[in-house]
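Summary of structural features
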Amino acid sequence: MSSQATAPAASSSPPAPPAAQKDGRTNQRSLGRRLLGRPEIGALIAAILVYLFFFAAAPSFRETSALATVLYQASVMGIMALPVALLMIGGEFDLSAGVAVTASALTAAILSFQLSMNVWTGVFVALIVSLAVGAFNGWLLVKTGLPSFLVTLASFLILQGANLGVTKIFTGNVASDSIADMDGFDQAKKVFASEFTIGDVSFKITIVYWLVFAAIATWLLLRTKFGNWIFAVGGSQDSARAVGVPVKFTKIALFMGVGAGAWFVGMHLLFSFNTVQSGEGVGNEFLYIIAAVIGGCLLTGGYGSAIGPVIGAFIFGMVSQGIVYANWNPDWFKAFLGVMLLVAALVNLWVRRQATRR
């Protein structure tokens, strides 16, 4: 008995393709998950809560003049927090950043006054000195392999002692001489410490510089090859080196960026107050790091943004001035800031965990 195979009937339409199987790699994340994946989202939530808190607790905090003061406080710290944050994303941090600001201002003030030179000469020499300090920190780090904690702690102590010792040698006291009547002072003051008015409220020019520098840092991180290098060396410098990233150049450049920030803030302080106290700046390095951490940067490197430290500095400005406007005891400021740091770290941890959940 034989069987004959029959051909299937021709179909008028082609068979439907099999349904594509989805897995965790191809699933599209929701908008909420994508937002939670941003490093600065935790800081933004905290900033909104802090603002609403002081808005309700301190009626004078609601005035435009109060906002101008808050923005000024935030801008002075935020300008330095930006290069510090980039350095942290690159896997390092700088404990000498606070006293480096004072060293830059003292260099410009003492050189200009003692040599009776135009203040712009002191300004440019101070820039060279600040960049040299940053380059030395970076070079010593990559040359020896020592942790940045030890390298910059040594720089912190050297600069702290030099600020006081050199100032006493040239001035006989702990502060630089006033340079308010020297050639070039008025022009330099317009560049580094001028004000502008909106309505009847005066704002410091540092607010504009702060936002411009934040935009430049964001572009640098997200749109340039150097930004990729920063994330690469912060994530794993050995892996970065293996794929051709110039690790030594990147780290030295980041430390020099901190030096440039210290120079700019130092010039602002000098031309705002005409003189500089040699003991200023001690402890400010922790405030810069706090602003970066609150803004979502990791101490371990490889993660963060430039917008985060902007928000972190704004939180600092709100807290420092909000306590005053609320008529609270300012002695509690550091305790409040410590609580904010801990809460921000926990919020950022929660945000990152939520962002990575499927």
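In this report, we go over the structure that sits alongside the text.

What counts, and where the lines are drawn
- Residues numbered from 1 in each chain as written.
- Predicted model: local features only at pLDDT ≥ 70, side-chain atom pairs only at ≥ 80, totals over all residues.
- Heavy atoms only, no water.
- Helix = DSSP H or I, 4+ residues; strand = E, 2+ residues; numbered from the N terminus.
- Buried < 20%, exposed > 50% of the residue type's maximum accessible area, 1.4 Å probe, protein only.
- Areas by Shrake-Rupley, 256 points an atom, 1.4 Å probe, with all protein chains shown as cover.
- Axes fitted to C-alpha atoms, helices over the stretch in contact; angles between N-to-C directions.
- Parallel < 35°, antiparallel > 145°, perpendicular 65-115°, else oblique.
- Left-handed = near helix turned anticlockwise from the far one by under 90°.
- Contact = heavy atoms within 4.5 Å.
- Nonpolar A, V, L, I, M, F, W, Y, C, P; charged D, E, K, R; others polar.
- Pairing = 2+ DSSP bridges.
- 1 Å grid on protein atoms, 1.4 Å probe; cavity = no way out; pocket = protein on both sides within 12 Å on 5 of 7 lines; lining within 4 Å.
- Points joined across faces, edges and corners; volume = space filled by probe spheres on them.
- Expected span 1.5 Å × (residues − 1).
- Salt bridge = Lys/Arg side-chain N within 4 Å of Asp/Glu carboxyl O.

Comments concerning the overall build of the protein chain
When helices and strands are counted, the protein chain shows 14 helices and two strands. Here the protein chain holds 358 residues, and the buried ones make up 44% of them. Summing over all exposed atoms, the protein chain offers an accessible surface of approximately 18400 Å²; the carbon and sulfur share of this is 65%.

Topic: the packing of helix H3 (residues 64-89) against helix H8 (residues 205-223)
Here H3 crosses H8 at 25°, and the two axes come no closer than 8 Å. The angle between H3 and H8 places the two elements in the roughly parallel class. The hand of the H3/H8 crossing is left-handed. Two secondary-structure elements touch here, H3 through Ala68, Leu71, Tyr72, Ala74, Ser75, Val76, Gly78, Ile79, Leu82, Leu86 and Ile89 and H8 through Thr206, Ile207, Tyr209, Trp210, Phe213, Ala214, Ala217, Leu220 and Leu221. Taken together, the residues that form the contact of H3 with H8 break down as 17 nonpolar, three polar and no charged.

Here's the deal with the environment of Ile216
Tracing the sequence through the fold places Ile216 in helix H8. Overall, the relative accessible area of 47% leaves Ile216 in the partly exposed class. Separated by 90 residues in the primary sequence, Ile216 and Ala306 place their C-alpha atoms 9.0 Å from one another.

Observations regarding the packing of helix H4 (residues 97-114) against helix H11 (residues 247-273)
To characterise two packed helices, one gives the angle between the axes of the helices and the distance between these axes. Contact pair H4 / H11: the axes reach a minimum separation of 7 Å and the direction vectors enclose 55°. For the element pair H4 / H11, the angle class is oblique. The two elements H4 and H11 cross, and the hand of that crossing is right-handed. Judged by residue contacts, Ala97, Ala100, Val101, Ser104, Ala105, Ala108 and Ala109 of H4 engage Val258, Ala262, Trp263, Val265, Gly266, Met267, Leu269 and Leu270 from H11. In terms of residue class, the contact of H4 with H11 is built from 13 nonpolar, two polar and no charged.

Description of unusual backbone geometry
Positioned with a positive phi, Ser116 is a non-glycine residue whose angle comes to about 50°. Tracing the backbone through its elements, the reader meets Ser116 in the loop between H4 and helix H5 (119-144). You can call Ser116 exposed: its relative accessible area is 61%.

Observations concerning the pairing of strand E2 (residues 201-204)
Here E2 shows a buried face lined by Val201 and Phe203 and an unburied face lined by Ser202 and Lys204. Sheet topology places strand E1 (residues 195-198) next to E2; four bridges connect them, and they run antiparallel. Bridge pairing links Phe196 to Phe203 in E2. The hairpin turn running from E1 into E2, its antiparallel successor, is two residues long, and Gly199 in that turn takes a positive phi close to 70°.

Quick look at empty space enclosed by the protein
By the definition in use, this model includes one cavity of 30 Å³ or more. Estimates place the volume of the largest cavity at around 90 Å³. Taken together, 16 residues form the lining of the largest cavity, with Ala100, Ser130, Val133, Gly259 and Ala262 sitting closest to its centre. The set of elements that each furnish at least two residues to the lining of the largest cavity consists of H4, H5 and H11. Among the elements that make up the lining of the largest cavity, the one with the highest residue count is H5 (five residues). Among the residues making up the lining of the largest cavity, the classes are represented as eight nonpolar, seven polar and one charged.

A closer look at helix H2 (residues 41-57)
A rise of 1.5 Å per residue sets the reference length of H2, with its 17 residues, at 24 Å; its end C-alpha atoms lie 24 Å apart and thus fit the reference within 8%. Restricting attention to buried positions, one finds in H2 the residues Ile41, Gly42, Ala43, Ala46, Ala47, Val50 and Phe54.

Some words on the pattern of salt bridges
Under the defined criterion, the tally for this structure stands at three salt bridges. Taking the shortest distance from any N to any O, the salt bridge between Lys251 and Glu92 comes out at 2.7 Å. Here Glu92 lies in the loop between H3 and H4 and Lys251 lies in helix H11, a separation of 159 residues in the sequence. Across the pair Lys204 and Glu195 runs a salt bridge, and its minimum N-O distance is 2.8 Å.

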